[in-house]
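# Topology and contacts: notes
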Amino acid sequence: MNKTEGTRTFTDSTVLLNLLAGGFSGGIARFFVAPLDVVKIRFQMQTDPQAISRVKEYARPKYYYSGILNAFSTIYKQEGIQGLWRGNLVAEYLWVLSASLQFGSFALYKNAANKVLGVEELPPFGSLLCGAAAGATSTALTYPLDLLRTRFAAQGLPPVYTSIGHAVRSIYQTTGMKGFYYGICPSLWQFIPYVGVQFFVYDSLQKQIKKHQIDIGTIGHTASGACAGMAAKLVSFPLDVAKKRLQIHGMNLFKSGIIPDRCPSLAITMKNMYDGEGSRVFYKGLAPSIIKSAIQAALIFTLVEVVHEQLRKQLSAYQ
């Protein structure tokens, strides 16, 4: 194989490398941040005591936590250590697929944009657009898993669903196929800017590090990833809360054999949230969510860079 052929093969394989590196990194990162994700979702679902009379009974979770430490200790005491990883099997499937698709499609869109524009490297704004497109791609293809993950993490004791198969059957029996897509619109509106901002911030920081020739190795990837995760979550958090409320719509009615009413629109959901619990409802669970996003993004971007480099070396050696 000649040099030109080898270079072309490597360029064409960038998408595959990102798919593999993203999937591996997403699965590892997800395992470590799972407890924070469970706590975040519980906070987003719970109803403040002073607002409980204004919230429909079926929409009220059976738990209330006064703070992050109280949430961790209460879940551990009532549900055991496994409660902090509730729904993690579905979440692992979700994050392996989602991270794989995010990084793979980001590389695909970025390579395509480079060729169309005739440039070697897109400006930061290009990373924002390619990241947004990657977010839309991964969300559209993995959304039912996201909904299942949320429902498993949100349920306390006694559980509404006893297994993944039980959850799938009950959702289909009570709401049909559309039940697996409750909240997909706010999810797209939330995840598109989330992924876009995440790639934009990470790429921008990495370019500044290279520009100023700051040699900090892996720490640079970790710090850039953490900053990217925090910035992305701050931008998209209110829609994330609304999405979670839509995803569990009518979940607690299943045991009573009651068919949930039609899933409300995003606008109606956000209005009901505001009327029932005030503006603070849109920032419920922000603290654990910011911590989780920072750790998760730091781990994913660092692992992606490390795994990608190892895969690239293996590919180069093979060629």
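Above this text you will find the structure in question.
Residues numbered from 1 in each chain as written. Predicted model: local features only at pLDDT ≥ 70, side-chain atom pairs only at ≥ 80, totals over all residues. Heavy atoms only, no water.

In this section: the overall build of the chain. A count of helical and extended segments in the chain gives 9 helices and 0 strands. Seen in sequence order, the chain has helices and strands lined up from the N terminus as α-α-α-α-α-α-α-α-α. For the chain, with 319 residues in total, the buried portion stands at 51%. Taken as a whole, the chain presents about 15300 Å² of accessible surface, with 65% of it coming from carbon and sulfur. (Helix = DSSP H or I, 4+ residues; strand = E, 2+ residues; numbered from the N terminus. Buried < 20%, exposed > 50% of the residue type's maximum accessible area, 1.4 Å probe, protein only. Areas by Shrake-Rupley, 256 points an atom, 1.4 Å probe, with all protein chains shown as cover.)

A separate point is the nonpolar core. With 25 residues, the main nonpolar core has Phe 103, Phe 199, Ile 300 and Phe 301 as its most contacted residues. Contributing elements (two or more residues each) for this core: helix H1 (3-45), helix H3 (88-117), helix H4 (124-154), helix H6 (184-211), helix H7 (218-247) and helix H9 (286-318). When residues in this core are grouped by element, the largest group, 7 residues, is from H6. With near-sequence residues (within four places) excluded, Phe 301 lies in contact with Phe 103, Gln 198, Phe 199, Tyr 202, His 221 and Gly 225. By size, the runner-up hydrophobic cluster in this structure holds 12 residues, among which are Tyr 65, Ile 75, Ala 153 and Ile 248. (Core = buried A, V, L, I, M, F, W, Y, C linked by side-chain atoms within 4.5 Å. Contact = heavy atoms within 4.5 Å.)

Taking 1.5 Å as the rise per residue, helix H8 (residues 266-277) with 12 residues should run 16 Å; its terminal C-alpha atoms sit 16 Å apart, in good agreement. The set of residues buried in H8 consists of Leu 266, Thr 269, Met 273, Gly 276 and Glu 277. The buried residues of H8 occupy one face: seen down the axis, they fall within an arc of 105°. Set apart from the buried face of H8 by more than 90 degrees, the exposed residues are Ala 267 and Lys 271. Each element contacted by the buried residues of H8 is listed here: H6 and H7. The positive-phi residue at the C-terminal boundary of H8 is Gly 278, with phi of around 80°. (Expected span 1.5 Å × (residues − 1). Arc of directions from axis to C-beta.)

Turning next to the packing of H4 against H7. Direction vectors running N to C along H4 and H7 enclose 80°, while the axes themselves pass 9 Å from each other. Here H4 lies roughly perpendicular to H7, going by the angle between them. Together, Tyr 143, Asp 146, Leu 147, Arg 149, Thr 150 and Arg 151 of H4 and Lys 243, Lys 244 and Gln 247 of H7 make up the contact between the two elements. A per-class count over the contact of H4 with H7 returns 2 nonpolar, 2 polar and 5 charged. (Axes fitted to C-alpha atoms, helices over the stretch in contact; angles between N-to-C directions. Parallel < 35°, antiparallel > 145°, perpendicular 65-115°, else oblique. Nonpolar A, V, L, I, M, F, W, Y, C, P; charged D, E, K, R; others polar.)

To continue, consider the pattern of salt bridges. A complete count under the given rule lists 17 salt bridges for this structure. One salt bridge in this structure joins Asp 203 and Lys 110, with 3.0 Å as the shortest N-O distance. One end of the pair, Asp 203, is in helix H6; the other, Lys 110, is in helix H3, with 93 residues separating them in the sequence. Since its relative accessible area comes to 12%, Lys 110 is described here as buried. What you see here is one network of salt bridges that share partners, running through Arg 30, Asp 37, Lys 40, Asp 146, Arg 149, Lys 233, Asp 240, Lys 243, Lys 244 and Lys 292. (Salt bridge = Lys/Arg side-chain N within 4 Å of Asp/Glu carboxyl O.)

With that settled, consider the packing of aromatic side chains. For any pair of aromatic rings, geometry is given as the distance between the ring centres together with the angle between the planes. Overall, the coordinates contain 11 aromatic pairs when judged by the stated rule. The rings of Phe 103, Phe 106, Phe 199, Tyr 202 and Phe 301 are connected pair by pair, giving a single aromatic cluster. (Phe/Tyr/Trp six-rings, centres within 6.5 Å; stacked < 30°, edge-to-face > 60°.)

Let's shift gears to helix H5 (residues 164-175). Each full turn of the α-helix corresponds to 3.6 residues, which orients residues three or four apart in the same direction. For H5, spanning 12 residues, the distance from its first C-alpha to its last is 16 Å, which sits close to the expected 16 Å at 1.5 Å a residue. Within the span of H5, buried status applies to His 166, Ala 167, Ser 170, Ile 171 and Thr 175. Viewed along the axis of H5, the buried residues span an arc of 125°, placing them on a single side of the element. Of the surrounding secondary structure, the elements contacted by the buried residues of H5 are H4. Looking one or two places after H5, you find Gly 176, whose phi comes out positive at around 75°.

Worth remembering: the numbers are spatial, not functional.
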